[in-house]
Amino acid sequence: MKQLISIQTAKYLKDYKIALKFNDNKENVVDFESFITHSQHPDVKKYKDIKLFKKFNLEHGDLEWNDYDLVFPVYDLYQGKVEL
């Protein structure tokens, strides 16, 4: 049986970088800067404010902001990439 990948820990590092550890012990540092600074969507643009960006949560293995206002596919984060 295949194990579903989920995020176990998330730690803010600096700028728009978050260190993630997954349930298979893989670790990635994901840089969200390009995604956030180049997005034109108002729900994403507001996270240019670092204070707001830093208010993420882990919910059921997902990295999310403000009750799923912003969330990324776990597979993309596992690969270390976020794209527009």
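Residues numbered from 1 in each chain as written. Predicted model: local features only at pLDDT ≥ 70, side-chain atom pairs only at ≥ 80, totals over all residues. Heavy atoms only, no water.

## Focus on the environment of Ala10
Step number 1: Secondary-structure assignment places Ala10 in strand β1 (residues 7–14).
Step number 2: The exposure class assigned to Ala10 is partly exposed, which follows from its relative accessible area of 22%.
Step number 3: In sequence terms Ala10 and Glu59 are 49 residues apart; their C-alpha atoms lie 11 Å from each other.
Step number 4: Excluding residues within four positions of it along the chain, Ala10 makes contact with Ile18, Ala19, Leu20, Phe56, Leu58 and Leu63. (Helix = DSSP H or I, 4+ residues; strand = E, 2+ residues; numbered from the N terminus. Buried < 20%, exposed > 50% of the residue type's maximum accessible area, 1.4 Å probe, protein only. Contact = heavy atoms within 4.5 Å.)

## Thoughts on the sheet that holds β1
Step number 1: Strand order in the open sheet made by the three strands is β1-β2-β3, with antiparallel pairing throughout. Here the strands that pair on one side only, and so sit at the sheet edges, are β1 and β3 (27–31). Ignoring strand direction, the axes of neighbouring strands in this sheet form an average angle of 25°.
Step number 2: Bridge count between β1 and strand β2 (residues 17–22): six bridges; the pairing is antiparallel. (Pairing = 2+ DSSP bridges. Axes fitted to C-alpha atoms, helices over the stretch in contact; angles between N-to-C directions.)

## Structural notes on the nonpolar core
Step number 1: The biggest cluster of nonpolar side chains holds 21 residues, and the ones touching the most others in it are Phe32, Leu63, Trp65 and Leu77.
Step number 2: Excluding anything up to four places from it in sequence, Phe32 contacts Tyr16, Ile18, Phe53, Leu63, Trp65, Phe72, Leu77 and Val82. (Core = buried A, V, L, I, M, F, W, Y, C linked by side-chain atoms within 4.5 Å.)

## As for the packing of aromatic side chains
Step number 1: Applying the stated criterion across every chain yields a total of 11 aromatic pairs.
Step number 2: Ring geometry for Phe35 against Phe72: centres 5.0 Å apart, planes inclined by 75°, an arrangement best described as edge-to-face. With Phe35 in helix α1 (residues 33–38) and Phe72 in the loop between β6 (70–71) and α4 (74–79), this pair connects stretches of sequence that are 37 residues apart. As far as burial versus exposure is concerned, Phe35 and Phe72 are alike and both buried.
Step number 3: Pairwise contacts between aromatic rings join Tyr12, Tyr16, Phe32, Phe35, Tyr47, Phe53, Phe56, Trp65 and Phe72 into one cluster.
Step number 4: Residue placement shows Lys26 over the ring face of Tyr78; its charged tip is 4.2 Å from the ring centre. (Phe/Tyr/Trp six-rings, centres within 6.5 Å; stacked < 30°, edge-to-face > 60°. Lys NZ or Arg CZ within 6 Å of the ring centre and 35° of its normal.)

Treat this as a map of the structure, not an account of what it does.
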